[in-house]
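Analysis of the macromolecular model
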Amino acid sequence: GAGVSQTPSNKVTEKGKYVELRCDPISGHTALYWYRQSLGQGPEFLIYFQGTGAADDSGLPNDRFFAVRPEGSVSTLKIQRTERGDSAVYLCASSLGAGNTEAFFGQGTRLTVV
Amino acid sequence: AQSVTQLDSQVPVFEEAPVELRCNYSSSVSVYLFWYVQYPNQGLQLLLKYLSGSTLVKGINGFEAEFNKSQTSFHLRKPSVHISDTAEYFCAVSPSGGGADGLTFGKGTHLIIQP
């Protein structure tokens, strides 16, 4: 597709369950970012990939959060033992690569933990 | 580390009136500056960015912003707003060291256009 695609668009899960959120970046974009946007807040940086490797994961809130990008394209954000406080919109963005200054965002996955 | 402050959580403006959305930042290194817009039920879209050069930058939909280094500000302006400009506006910064670092966002300003 032409833009960043995120699936699912909505996810409701029970507290304690495991969830996976998927991001398909723009073809050819080597840099990929995950952000979390809580209600009434701006997006908060979680992790940045350059190719297959996580170049900066300093924004991950704790070890229940993990992300992978095994082939340098699609990325999956994984959340273990979900908590109600994890409820937010999870945004993915991609850009051409290091030094590129325009990130393109997907529409996000709205995660609700009940 | 960087931080961004958007002092106004909501700005109501009458249609065809001018508007200014305020953004101040704090950083120990040089930064790039961005404004993103988020229309209802849509993803973030880049409005404009300041990387270097002229401090007045023009973006899409008639918006412009001015970088003021001494005041560490990057306020967004539009001379005449339309109903379609109703949206959430986010100011963001990233270090200008050349790496594709993540963005630091402000909390956003909800622009409400009144007919």
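Residues numbered from 1 in each chain as written. Chains lettered and ligands numbered in written order. Predicted model: local features only at pLDDT ≥ 70, side-chain atom pairs only at ≥ 80, totals over all residues. Heavy atoms only, no water.

The helix and strand tally for chain A stands at zero helices and eleven strands. The secondary structure elements of chain A, listed N-terminal to C-terminal, are β-β-β-β-β-β-β-β-β-β-β. Relative to its length of 114 residues, chain A is compact, with a C-alpha radius of gyration of 13 Å against a globular reference of 13 Å. Counting only C-alpha atoms and orienting by the principal axes, one finds that chain A spans roughly 40 × 25 × 25 Å. For chain A, the residues scored as buried account for 46% of the 114 residues in total. Long-range pairs, those at least 24 residues apart, make up 53% of the contacts in chain A with a sequence separation of at least 6. (Helix = DSSP H or I, 4+ residues; strand = E, 2+ residues; numbered from the N terminus. Rg over C-alpha atoms; globule rule 2.2 N^0.38 Å. Buried < 20%, exposed > 50% of the residue type's maximum accessible area, 1.4 Å probe, protein only. Contact = heavy atoms within 4.5 Å.)

Time to look at the overall build of chain B. In terms of regular secondary structure, chain B is built from zero helices and twelve strands. If you list the helices and strands of chain B from N to C, you get β-β-β-β-β-β-β-β-β-β-β-β. About 5,400 Å² of surface is accessible on chain B, with carbon and sulfur atoms providing 49% of the total. (Areas by Shrake-Rupley, 256 points an atom, 1.4 Å probe, with all protein chains shown as cover.)

Here we take up the state of the cysteines. Residue and element names in this part refer to chain A. Under the criterion given, the structure shown has two disulfides over all chains. Residue pairing for Cys23: its cysteine sulfur links by disulfide to Cys92, the two sulfurs lying 1.9 Å apart. Across the disulfide from Cys23 to Cys92, rotation about the S-S bond amounts to roughly -70°, and the bridge is consequently left-handed. On the criterion of sequence distance, the pair formed by Cys23 in strand 3 (residues 19-24) and Cys92 in strand 9 (residues 88-95) is long-range, its members being 69 residues apart. Residue Cys23 shares its accessibility class with Cys92, and that shared class is buried. (Disulfide = S-S within 2.5 Å.)

All names here are of chain A. Pairing in this open sheet of four strands is antiparallel, and the strands run 1-3-8-7 from one edge to the other. Each end of this open sheet is capped by a strand with a single partner; those strands are strand 1 (5-7) and strand 7 (65-68). Across the sheet, the mean angle separating the axes of adjacent strands is 15° when strand polarity is ignored. Here four bridges tie strand 7 to strand 8 (residues 75-79), and the two strands are oriented antiparallel to one another. What sits directly across from Val68, in strand 8, is Thr76. (Pairing = 2+ DSSP bridges. Axes fitted to C-alpha atoms, helices over the stretch in contact; angles between N-to-C directions.)

On to the environment of Arg81(A). Residues and elements named next belong to chain A. If you trace the backbone, Arg81 turns up in the loop between strand 8 and strand 9. Remark: the alpha-carbon pair of Arg81 and Phe65, spanning 16 residues in sequence, is separated by 9.4 Å. Residues contacting Arg81, with those up to four places away along its chain left out, are Gly16, Lys17, Asp63 and Arg64.

This next bit is on the interface of chain A and chain B. Taken together, the contact pairs 20 residues of chain A with 21 residues of chain B. Across the chain A/chain B interface, buried area totals approximately 1,500 Å², and carbon plus sulfur atoms make up 55% of it. Counting the surface chain A buries against chain B, the share from its top three residues, Pro43(A), Thr101(A) and Phe105(A), is 34%. Linking chain A to chain B there are one salt bridge. The partner of Lys49(B) in a salt bridge is Glu102(A), and the shortest N-O contact between them spans 3.9 Å. Our enumeration of links across chain A and chain B arrives at three residue pairs in polar contact (both at pLDDT 80 or more). When contributions to the side of chain A that touches chain B are tallied by element, the ones reaching two or more residues are strand 4 (31-37) and strand 5 (44-50) of chain A. The leading source of residues in the side of chain A that touches chain B is strand 4 of chain A, at four residues. Of the residues assigned to the side of chain A that touches chain B, the class counts are ten nonpolar, nine polar and one charged. (Buried area = accessible area lost by both parts, 1.4 Å probe. Salt bridge = Lys/Arg side-chain N within 4 Å of Asp/Glu carboxyl O. Polar contact = N/O pair within 3.5 Å; in protein donor to acceptor, adjacent residues only side chain to side chain. Nonpolar A, V, L, I, M, F, W, Y, C, P; charged D, E, K, R; others polar.)

Just geometry here; none of it tells us what the structure is for.
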